[in-house]
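# Tertiary structure, described
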Amino acid sequence: MPDVTLTTLNKLKRNGEKIVCLTAYDATFAHMECQAGVEVILIGDSLGMVLQGHDSTLPVTIDDMAYHTQCVKRGNQGALIMADLSFMTYATLEQALANSARLMQAGAHMVKIEGGSWLAESVTTLVRNGIPVCVHLGLTPQTVNVLGGYKVQGREEAQAKALLADCKALEAAGASMLVLECVPSSLAAEITRSVGIPVIGIGAGSETDGQVLVVHDMLGLSLSGRMPRFVKNFMTGQPDIQSAVRAYVEAVKAVEFPAAEHEF
Ligand code: KIV
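Each residue is numbered by its place in its chain's sequence as written, counting from 1. With pLDDT at 70 or above as the cut-off, local features in this predicted model cover only qualifying residues; side-chain atom pairs require 80 or more to be listed or tallied, and sums for whole chains, interfaces and linings still use all residues. As a rule here, side-chain values come from all non-hydrogen atoms in the structure, and water together with hydrogens is ignored.

### Considerations on the packing of helix α4 (residues 62-75) against helix α5 (residues 93-106)
Put simply, the rule is: The convention used is that axes are lines fitted to C-alpha atoms, helices contributing only their stretch in contact, and that angles between N-to-C directions extend from 0 to 180 degrees. Runs of E in the DSSP output that reach at least two residues are strands. Runs of H or I that reach at least four are helices, and both are numbered from the N terminus. Angles below 35 degrees are treated as roughly parallel, those above 145 as roughly antiparallel, those between 65 and 115 as roughly perpendicular, and all remaining angles as oblique. In a left-handed crossing the near helix is turned counterclockwise from the far helix by less than a right angle, and in a right-handed crossing that turn is clockwise. The contact definition used throughout considers only heavy atoms, calling two residues in contact when any of these lie within 4.5 Å. Under the convention adopted here, Pro, Cys and the residues Ala, Val, Leu, Ile, Met, Phe, Trp and Tyr are nonpolar, Asp, Glu, Lys and Arg are charged, and Gly plus all remaining residues are polar.
At a closest axis distance of 8 Å, the pairing of α4 and α5 adopts a crossing angle of 20°. In terms of their interaxial angle, α4 and α5 are classed as roughly parallel. Considering only the axes of α4 and α5, their crossing is right-handed. For the pair α4 and α5, the contacting residues are Ile62, Asp63, Met65, Ala66, Thr69, Gln70 and Lys73 in the first and Asn99, Arg102, Leu103 and Ala106 in the second. Residue classes in the contact of α4 with α5 are distributed as five nonpolar, three polar and three charged.

In structure tokens, the structure reads:
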């Protein structure tokens, strides 16, 4: 696969071909995911839960993120590497710049931050300094304590309007991509049609430009034994992990995943 860049992702959106994104936290998984055709590897701060065993992403540090980004970079074979800025590492412009620089120097091609239109100035400043930004909206796990739990966002009309306005404002500020987590499918579809940048969904239905999952979830690995509604276990019926990841890539490309039972 030739190296995936923002140009590649924009072209996929224009052509209506789904973008496949999956988390990885180490070199072996990054390598295997590239072999299976994953286009965007996310070093998610979900590593705080699936690798470190915390009950939220809040304890994850920028040192953790930089370390796992370096690991992924060593195994990467052409995917676009996106790394999360962890909790409270972009609260000020200075922090956003310094911590994004750490992730880019560790091997990321793009950083991801969680929030709404209040991040516009940070987005513009990062982009001016050569750092592409993806903004994660909807259910934003770093603000789980403000949201009052891991709940679907944007069900009410006012909330849906605000989310759409935030997405447009962040695109105008220079964001290169959006992630929408746990929003009603109809709202995610409207947002995807309303912005020119790629929109990746997780629990946001099948009409976004692409999909992302936490790799442990899609392999059926869970510390709690519970899986969110939007997850499918791709290990079912597959002989090995590589085949399961390939099945995920094929299902996203064929718009077979997510199905109605994974949507809100
Ligand atoms: O941290 C993560 O893995 C994420 C995905 C759930 C989108 O942000």
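Continuing now.
### Brief notes about the nonpolar core
The tendency in soluble globular proteins is for nonpolar side chains to be buried side by side. Rules: Buried residues of nine kinds, namely Ala, Val, Leu, Ile, Met, Phe, Trp, Tyr and Cys, make up a nonpolar core once their side-chain atoms join them within 4.5 Å. Any residue under 20% of the maximum accessible area for its type is buried, any over 50% is exposed, and the rest in between are partly exposed; the area is computed with a 1.4 Å probe on protein chains only.
Grouped together as the largest cluster of nonpolar side chains are 86 residues, with contacts concentrated most on Val135 and Leu213. The leading source of residues in this core is helix α11 (residues 241-253), at seven residues. In contact with Val135, not counting residues within four places along its chain, are Ile113, Gly115, Leu119, Val123, Leu170, Ala175, Met177, Leu178 and Val179.

### Overview of the packing of aromatic side chains
Applicable threshold: Each pair of aromatic rings taken from Phe, Tyr and Trp, with Trp reduced to its six-membered ring, is defined by centres within 6.5 Å and is described as stacked if the planes are under 30 degrees apart, edge-to-face if over 60, and tilted in the remaining cases.
Going through the model one piece at a time under the given rule, you end up with three aromatic pairs. Ring geometry for Phe234 and Phe257: centres 5.3 Å apart, planes at 80°, overall edge-to-face. Separated by 23 residues along the polypeptide, Phe234 in the loop between α10 (215-218) and α11 and Phe257 in the segment after α11 bring together distant segments of the chain. Pair check on accessibility: Phe234 and Phe257 agree, each one buried. An aromatic cluster of three or more residues is present, and its members are Phe234, Tyr248 and Phe257.

### Quick look at unusual backbone geometry
Note the cis peptide between Phe257 and Pro258, where omega equals 0°. You can see Pro258 is positioned in the segment after α11. Phi is positive for Met88, close to 65°, though the residue is something other than glycine. Looking at the element boundaries, Met88 is found in the loop between β3 (80-84) and α5. Take Met88: its relative accessible area is 54%, and that puts it in the exposed class. Here Cys182, not a glycine, exhibits a phi torsion of approximately 50°, which is positive.

### Observations regarding the site of the ligand
We count it as follows: Proximity criterion: a residue is near a molecule or strand once any of its heavy atoms comes within 4 Å of it. The definition of a polar contact used here is a pair of N or O atoms within 3.5 Å, where within protein one atom must be able to donate a hydrogen and the other to accept one, and adjacent residues in sequence count solely through side-chain atom pairs. Per-residue and other accessible areas follow the Shrake-Rupley method at a 1.4 Å probe size, with only the shown protein chains counted as cover for residues.
Inspection of the region around the ligand gives Thr23, Leu42, Gly44, Asp45, Ser46, Asp84, Lys112, His136, Ile202, Val212 and Val214 as its neighbouring residues. With respect to the ligand, the side chain of Asp84 contributes an N or O atom lying 3.2 Å from an oxygen atom. One nitrogen or oxygen atom from the side chain of Lys112 is found 2.8 Å from an oxygen atom belonging to the ligand. Relative to its unbound accessible area of 260 Å², the ligand is 94% covered by the protein chains.

### Considering the side chain of Lys112
Of note, Lys112 is situated in strand β4 (residues 110-114). Of note is the side chain of Lys112, whose polar atom sits 2.8 Å from the side chain of Asp84. Those residues in contact with Lys112 that sit more than four places away from it in its chain are Leu42, Met82, Ala83, Asp84, Leu85, Cys134, His136 and Val179.

### Description of the pattern of salt bridges
Our working definition: Salt bridges, as used here, are contacts in which a Lys or Arg side-chain nitrogen is within 4 Å of a carboxyl oxygen on Asp or Glu.
One pass over the structure, following the stated rule, counts six salt bridges. The shortest N-O distance in the salt bridge between Glu17 and Lys253 comes to 2.8 Å. Of the two residues, Glu17 sits in the loop between α1 (6-15) and β1 (19-23) while Lys253 sits in helix α11, which places them 236 residues apart along the sequence. Salt-bridge contacts for Glu39 lead to Lys253; the nearest nitrogen and oxygen are separated by 2.7 Å. One end of the pair, Glu39, is in the loop between α2 (27-36) and β2 (40-43); the other, Lys253, is in helix α11, and 214 residues separate them in sequence.

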